[in-house]
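Listed here are the chains, written in short residue letters.
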Amino acid sequence: MSPLVQLAAEEAENPLIPPIPELVIGLIAFVIVFGFLAKKLLPNINKVLEQRREAIEGGIEKAEAAQTEAQSVLEQYKAQLAEARHEAARLRQEAQEQGATLIAEMRAEGQRQREEIVAAGHAQIEADRKSAAQALRQDVGHLATELAGKLVGESLEDHARQSRVIDRFLDELEEKAEAAR
């Protein structure tokens, strides 16, 4: 055989190029399988993909809603915390004011009690002074009466007698005063 015929025979038996009837049958089988898959499987695949997309979008929306709600709750807590701090400061201020008022009241009460004690002491001292002066007058009067009785030579224990002696003594003093003029 000639090399050219041999080459033509080899080309007819090339395994990479299938025979035409097999190619047509394979193409028809491919179109049937592709049509079947497109008709039955593709809608289910699209449906699952759509559900996944919706689930993802819904999850994102839920996450955003949860984040918004969390932010709102955080703001509420911050406001409550600020209010609690303000209330604590107000209560602390009230306690300090009440403490200062109580201290002032106690000082005023102590001052009042001290003044009462001092006034009572002064009154007691005045009463004791008057009592001592009265007792001293009585003692001096008694001693003067005894001394006068010794000088005069008469007992002056009797009240009437004392009055007479005192009157006589005063009369003598007046006479001496008139004579001296």
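Rules of the game
- Residues numbered from 1 in each chain as written.
- Predicted model: local features only at pLDDT ≥ 70, side-chain atom pairs only at ≥ 80, totals over all residues.
- Heavy atoms only, no water.
- Patch = residues over 30% accessible without salt bridge, like charges linked within 9 Å, V, L, I, M, F, W, Y side chains within 5 Å.
- Areas by Shrake-Rupley, 256 points an atom, 1.4 Å probe, with all protein chains shown as cover.
- Salt bridge = Lys/Arg side-chain N within 4 Å of Asp/Glu carboxyl O.
- Helix = DSSP H or I, 4+ residues; strand = E, 2+ residues; numbered from the N terminus.
- pLDDT = per-residue confidence, 0-100.
- Buried < 20%, exposed > 50% of the residue type's maximum accessible area, 1.4 Å probe, protein only.

Here we look at a nonpolar patch on the surface
And then number 1: Together, Val33, Phe36, Leu37, Leu41, Leu42, Ile45 and Leu49 line one region of the surface with nonpolar side chains, adding up to about 630 Å² of accessible area.
And then number 2: Along the chain, Phe36 falls in helix 2 (residues 20-152).

Focus on the confidence of the model for the protein chain
And then number 1: Put simply, the protein chain has an average pLDDT of 82, and 77% of its residues get 70 or more.
And then number 2: Averaged over each element, pLDDT in the protein chain is lowest for helix 1 (residues 3-12) (57) and highest for helix 2 (88).

Section: the pattern of salt bridges
And then number 1: A full pass over the atoms with the stated rule returns 7 salt bridges.
And then number 2: Glu50 is the partner of Arg53 in a salt bridge, and the nearest nitrogen-oxygen pair spans 2.0 Å. A residue pair is termed a helical-turn pair when its members lie 3 or 4 positions apart in one helix, as Arg53 and Glu50 do in helix 2 at 3 residues.
And then number 3: Here Arg53 falls in the partly exposed class, since its relative accessible area comes to 38%.
And then number 4: In this structure, Glu57 and Arg53 form a salt bridge, with 2.9 Å as the shortest nitrogen-oxygen distance. Of this pair, Glu57 and Arg53 both sit in helix 2, separated by 4 residues, roughly a single helical turn.
And then number 5: Under the relative-accessibility criterion, Glu57 is labelled partly exposed at 38%.
And then number 6: Among the charged side chains, a network of salt bridges with common partners joins Glu50, Arg53 and Glu57.

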